[in-house]
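Remarks on the overall topology
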Amino acid sequence: MHPTPNNIFRILLFLIGAGSSIDFFLIGRISASEILAFVCVPFFFLSYGSDYTNKNFKLCLGLLGLYFVGTAIADFINDVPFLFSARSLARPVFILGFLLFFIPILRRDPLALIYMVYGGVLSGIYRLLRPSAMHEEAAMSLLTDYSSIVFRVQPVIAAGILAVAIYLYPKNRLYAAGSFFIATVIFAGIGGARNTTLMWFLATTVILVIWFFKNKSSHRIAFTKARLVGLGVVLLVGGLIGYFAYLYAAPQGHLGEEQRVKFEQQANTDLGPTPWGFFFSGRPQVWGAFLGIKDRPLVGFGSWRHDLTAVYTAEAILSVSNDPGIANRIFSGGDSGGAGHSVLFQAWVENGILPAIALIWLYVIVIKVFLFNIRFENRLTPYFILTFMTFSWAFFFSPPGLSFRFFAGLCLAFYVVFMDKQRPLSWLPLMSK
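Notes on the structure follow. (Residues numbered from 1 in each chain as written. Predicted model: local features only at pLDDT ≥ 70, side-chain atom pairs only at ≥ 80, totals over all residues. Heavy atoms only, no water.)

Quick word on the packing of helix α5 (residues 113-129) against helix α6 (residues 146-168)
The condition that has to hold: Inter-axis angles, ranging from 0 to 180 degrees, are taken between N-to-C directions of lines fitted to C-alpha atoms, where helices are fitted over the stretch in contact. Numbering of helices and strands runs from the N terminus; a helix is a DSSP stretch of H or I covering at least four residues, while a strand is a stretch of E covering at least two. Any angle between 65 and 115 degrees counts as roughly perpendicular, while under 35 counts as roughly parallel, over 145 as roughly antiparallel, and the rest as oblique. By the definition used in this description, the sense in which the near helix is turned from the far one sets the handedness, with an anticlockwise turn below a right angle giving left-handed and a clockwise turn giving right-handed. Residue contacts follow a heavy-atom distance rule, with two residues in contact if any of their heavy atoms lie within 4.5 Å. Gly is put with the polar residues, along with every residue not named as nonpolar or charged; the nonpolar set is Ala, Val, Leu, Ile, Met, Phe, Trp, Tyr, Cys and Pro, and the charged set is Asp, Glu, Lys and Arg.
It is at 8 Å that the axes of α5 and α6 come closest, and there the two elements cross at 160°. In terms of their interaxial angle, α5 and α6 are classed as roughly antiparallel. For α5 against α6, the interelement crossing comes out left-handed. Only F151, R152, V153, P155, V156, A159, G160, L162, A163, I166 and Y167 of α6 make contact with α5, whose side of the interface consists of I114, V117, Y118, G120, V121, G124, I125, R127, L128 and L129. Class assignment for the residues of the contact of α5 with α6 results in 16 nonpolar, 3 polar and 2 charged.

Re the packing of helix α1 (residues 7-18) against α5
At a minimum axis separation of 6 Å, α1 and α5 run at an interaxial angle of 35°. Crossing of α1 over α5 shows right-handed handedness. Across the interface between the two elements, R10, L13, F14, I16, G17 and A18 of α1 pack against L113, Y115, M116, Y118, G119, G120, L122 and S123 of α5. A breakdown of the residues in the contact of α1 with α5 according to their chemical character gives 9 nonpolar, 4 polar and 1 charged.

Quick word on the environment of F301
For F301, the location among the structural elements is in the loop between α12 (284-295) and α13 (306-320). Sequence separation of F301 and D79 is 222 residues, and the distance between their C-alpha atoms is 9.5 Å. F301 has contacts with N78, G292, R296, L308, T309, Y312, V349 and E350, leaving out every residue within four places of it along the chain.

Comments concerning helix α4 (residues 82-108)
How we decide: In this analysis, the expected span of each helix is defined as 1.5 Å times one less than the number of residues it contains. One axis is fitted to the seven residues ending at the residue and one to the seven starting there. The bend at that residue is the angle between these axes. Think of it in three bands: residues with accessible area under 20% of the maximum for their type are buried, residues over 50% are exposed, and the middle band is partly exposed, with areas taken using a 1.4 Å probe on protein chains only.
End to end, α4 covers 40 Å across 27 residues, agreeing with the expected 39 Å (1.5 Å per residue, within 8%). Remark: the principal bend of α4, roughly 30°, maps to A90, with a proline, P92, within the next four residues. For α4, the buried fraction is high: 20 of the 27 residues fall into the buried class.

Here's the deal with the nonpolar core
Stated precisely, the cut-off is as follows: Grouping buried Ala, Val, Leu, Ile, Met, Phe, Trp, Tyr and Cys residues that are joined through side-chain atoms within 4.5 Å yields what is termed a nonpolar core.
Counting 105 residues, the largest nonpolar core has F101, F102 and Y383 as its most contacted members. It is helix α18 (residues 402-418) that provides the largest number of residues to this core, a total of 13 residues. Leave out the neighbours within four places in its chain, and F101 touches L12, L13, I16, A37, C40, V41 and F44.

A look at the packing of aromatic side chains
The line we're drawing: Working definition: rings of Phe, Tyr and Trp (its six-membered ring) pair if their centres are within 6.5 Å, and the pair is stacked with planes under 30 degrees apart, edge-to-face with planes over 60 apart, and tilted otherwise. Charge over a ring is defined by NZ of Lys or CZ of Arg lying within 6 Å of the ring centre and within 35 degrees of the ring normal.
Tallying each qualifying case throughout the model produces 33 aromatic pairs. Seen from their ring centres, W287 and F290 are 5.6 Å apart, and the 80° between their planes marks the pair as edge-to-face. With W287 and F290 both in helix α12 and 3 residues apart, this pair spans about one turn of that helix. Among the residues examined, W287 registers a relative accessible area of 30% and is labelled partly exposed. On the basis of an interplanar angle of 80° and a centroid distance of 5.5 Å, the ring pair of Y383 and F384 is categorised as edge-to-face. Both residues of the pair, Y383 and F384, count as buried. Sitting above the plane of the W304 ring, R87 keeps its charged end 3.8 Å from the centroid. The positively charged end of R296 is found above the aromatic ring belonging to F301, 5.5 Å away from the centroid.

Listed below in structure tokens is the structure:
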């Protein structure tokens, strides 16, 4: 199928992007964008037919089924209350919803996703002016409070610069890389989240690698084993540059007082100012998940049973930290301190081995989509590069949020439509100005 511009899809995706910051609580958090997307799914079936099946589609259904069934089995064995179980079971269901939503769009007008990025600018402005109920109490004072920077200021800057990069990328890759680097500098300068700053810096590095190879040859980038290793080395070096820059700037207060205090707290642990020290002292819930998985690797402790896994977080704090401030931060304000704080390891410690296998499988597909968008370069490449970086961080070091199920569903749809070697459902338009 040859994709053609579709104004209905473009308006719809603009609204999806714009509504992503408007959220409600219905068993768990759900956004206006999700409601709109899922309402559209049956109409897409009626309007465009249901010929979504190929080998990759069946594979995606299988892994989401494994995720759902594995969660249900673990919660049944652990006698988890229905509302707790429903919140976890909703994750693979929502990913499936986005998979079904994006397939007809990617088949007919994949570049309509650009309008979703543009709509994200309105979403960022909305979040700046009206933070969600989850964040508003901790994010009242702009540019003086760390939470306000992370939850209000950073999103609008990120959305605006990503939209600029998408526009500039087909004109000049260096311009797009430059805009990403400007975002990196801004986030570091205002004392934003360290992981966000690092992800933008790594995305800048990847675009520079693409520019270098494309400057040498007009052919597509062939991912030989040597080049894959080289890309991994480039990302590692980029991460180390970011790490040493942080070691220099944070203790001197160049990244703001909040980051200086956080650096001193996390450096003052048994692991010291090492990369793993910052990871595990700042997120001992992840280390706690490892300890819990070791005790119950097959069926976990049950969905949202933080009362059972908090003991592992406490044990992790004792093993990776000697700073009582870290324990106070995790357990204060009514937070139960459950183990996890990671898409993968939270699912494993709560729901056992089957959902963990499904998520690892899903992440392999996300990696393939990331590499595909580098090899078959297109106007969406900057979006997939940046979002892959942030998704990867969340996969290992942040709890599952709204963006996790959204990007997971999008990548699965991309995998179905373009990457089935025997029966792709469409072809991907390459870059055009």
